[in-house]
Structures are given as C-alpha cells and as structure tokens.
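Residues per chain, in single letters:
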Amino acid sequence: SLEPLLQPDLQIVRAAVNDTETLLATVDASRFVQVWNLETLESVSDRMPVAAAVDDIWFLNSGDRLMIQAGTWLHTLRLSGSRLEPLETRLLAQAPVVARPSSDGRALMMLDASNASRPKLLRQSVSKPAANSVTDSPGRLESRIEAATGLRFNRWGQPETVQPF
C-alpha cells in the first residue's frame, strides 16, 4: 500500500529510486527530503529541510548518498542510519535546464541553454571546492550577514517577513 506516501499533508513533488530499487527518496512541497524503504513503505530517515525548491534529486551509485539540485544550489547528502547528513553544498553559476550527476557523483552534467541556438553540455566538478571553506561559525556568520543586510533569518536560513509599522 502506498498510504504512507499519499498523506494529504505530505504532497510529494520530486522522487528518486536507488539502483537496487529498495529505497525511495522524496521531496515534499514544504521542501523536506525523506528516504523510504520501498518494500515496507516505512520511513528509514528523518526529514531534512532543503533551503530552496528542489528541481531534481538522484541517488548516487553507492545508494547511501543523494544529490539534490535546487535552483543554483547542489547538495550532497548521506544516509547514515536513520539520519540524512549534509556532505557538501555547491553553488552553480546558473540553474541548469537539465542536469544529471556522473555515476560516481563527482561531476554534474548540465545543459546550458543560455544561447538557445547552440545549447552546450557542461561538466561541473562537485568533488573539489569552488572556494575556500568558511572558517567562522555558522551562527556568527549569520549574525554578520543579518547586521550587514538588516534582515533576520529563520532557522532554515530564509529571510523572515518584516511586518510594516
């Protein structure tokens, strides 16, 4: 029965199945990722939020890792026990029209259609950092961003709505 996956409040918008067809990864309308056992249809992971609307989701060849493309964001997660753990996050130069990870998950093949008469296939490496790591703590970094922009962020890193006076 698909009942656990068809709950009205779940509203699945994206899904991927691993190579052995034993796991299903879903993204719901509220931008939470969750992994399910396809035989029992029971959840095998906690729900993890993603900061932007997900365009695509894939299992990588090992089956315990997921790659998620959300606009210009590219996230790699690992299923560890019942937890989804973020491994890497990359910022792409532009959101691809179509994308597909390489079998080892070290590159993302993307179709660039910015010049519609001559689309190009681009290969973005995701195994080497695009920039130096942030050395500051996330809390202090967020405080510095809030102070510089005058915004306040919720726990998902999204700007909170400012109420007019």
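Everything that follows concerns the structure shown earlier in this document.
These remarks concern the structure in this document. Nothing here was measured: the structure is a model prediction, and the numbers come from that model. The numbers attached to residues start from 1 for each chain and follow its sequence in the written order. Residues qualify for local features only when their pLDDT is at least 70, as the model is predicted, and side-chain atom pairs are given and counted only at 80 or more; totals for whole chains, interfaces and linings, by contrast, use all residues. Only hydrogens and water are set aside when side-chain values are computed; all heavy atoms of the structure are taken into account.

1. Some points on the side chain of serine 45
Right, on to step 1. In this description a helix means any DSSP run of H or I spanning at least four residues, a strand means any run of E spanning at least two, and both kinds are numbered starting from the N terminus. Within the secondary structure, serine 45 sits in the loop between strand S3 (32–37) and strand S4 (48–49).
Right, on to step 2. Whenever two N or O atoms come within 3.5 Å, that pair is a polar contact, provided that in protein one can donate a hydrogen and the other can accept it, and provided that, for residues adjacent in sequence, both atoms are side-chain atoms. A polar atom in the side chain of serine 45 sits 2.8 Å from the backbone nitrogen of valine 35.
Right, on to step 3. Setting aside residues no more than four positions away along its own chain, serine 45 makes contact with Gln34, Val35, Leu79, Ser82 and Leu84. Contact definition: two residues touch when any of their heavy atoms are within 4.5 Å.

2. Some remarks on a nonpolar patch on the surface
Right, on to step 1. Patch construction takes residues with relative accessible area above 30% that form no salt bridge. Like charges are linked within 9 Å, and nonpolar side chains (Val, Leu, Ile, Met, Phe, Trp, Tyr) are linked within 5 Å. What sets the accessible areas is the Shrake-Rupley method with a 1.4 Å probe; for residues, cover comes only from the shown protein chains. By definition, a salt bridge exists where a carboxyl oxygen of Asp or Glu is found within 4 Å of a side-chain nitrogen of Lys or Arg. Together, Val97, Val98 and Leu111 make up an exposed nonpolar region whose accessible area comes to about 250 Å².
Right, on to step 2. One can find valine 97 in the loop between strand S8 (83–91) and strand S9 (98–101).
Right, on to step 3. Exposure classes here rest on a 1.4 Å probe applied to the protein chains alone. A residue is buried below 20% of its type maximum, exposed above 50%, and partly exposed in between. Judged by relative accessible area, which is 57%, valine 97 ranks as exposed.

3. What about the pattern of salt bridges?
Right, on to step 1. Throughout the structure, instances matching the rule amount to three salt bridges.
Right, on to step 2. In this structure, arginine 78 and glutamate 85 form a salt bridge, with 2.9 Å as the shortest nitrogen-oxygen distance.
Right, on to step 3. With relative accessibility at 33%, the residue arginine 78 sits in the partly exposed group.
Right, on to step 4. Here arginine 90 makes a salt bridge to glutamate 88, at a shortest N to O gap of 3.6 Å.

4. Points about unusual backbone geometry
Right, on to step 1. Here glutamate 21, not a glycine, exhibits a phi torsion of approximately 55°, which is positive.
Right, on to step 2. Not every positive phi belongs to a glycine, and arginine 31 is a case in point at roughly 65°.
Right, on to step 3. Within the secondary structure layout, arginine 31 lies in the loop between strand S2 (23–28) and S3.

5. Comments concerning the layout of surface pockets
Right, on to step 1. Both site types are read off a 1 Å grid over the protein atoms alone. A 1.4 Å probe that fits but cannot get out defines a cavity, while an open set with protein on both sides within 12 Å along at least five of seven lines defines a pocket; lining residues have an atom within 4 Å of a point. Grid points are joined across faces, edges and corners, and a volume is the space filled by probe spheres set on the points. Estimated volume of the second largest pocket: approximately 190 Å³.
Right, on to step 2. Lining the second largest pocket are Ala16, Val17, Asp19, Ile57, Trp58, Phe59, Leu60, Asn61, Arg100, Pro101, Ser102 and Ser103.
Right, on to step 3. Elements that contribute at least two residues to the lining of the second largest pocket include exactly strand S1 (12–17), strand S5 (56–59) and S9.
Right, on to step 4. The element contributing the most residues to the lining of the second largest pocket is S5, with three residues.
Right, on to step 5. Partitioning the lining of the second largest pocket into residue classes produces seven nonpolar, three polar and two charged. In this classification, Asp, Glu, Lys and Arg are treated as charged, Ala, Val, Leu, Ile, Met, Phe, Trp, Tyr, Cys and Pro as nonpolar, and every other residue, Gly included, as polar.

6. What about the sheet that holds strand S10 (residues 107–112)?
Consider a sheet: its strands pair through backbone hydrogen bonds, and that pairing is either parallel or antiparallel.
Right, on to step 1. Spatial strand order, S9-S10-S11: three strands in an open sheet with antiparallel pairing. Edge positions in the sheet fall to S9 and strand S11 (120–125), since each has one partner strand and no second. When strand polarity is set aside, the average angle formed by the axes of neighbouring strands in this sheet is 20°. When DSSP finds two or more bridges between two strands, those strands count as paired. Lines fitted to C-alpha atoms define the axes, with helix axes restricted to the stretch in contact, and inter-axis angles between N-to-C directions lie between 0 and 180 degrees.

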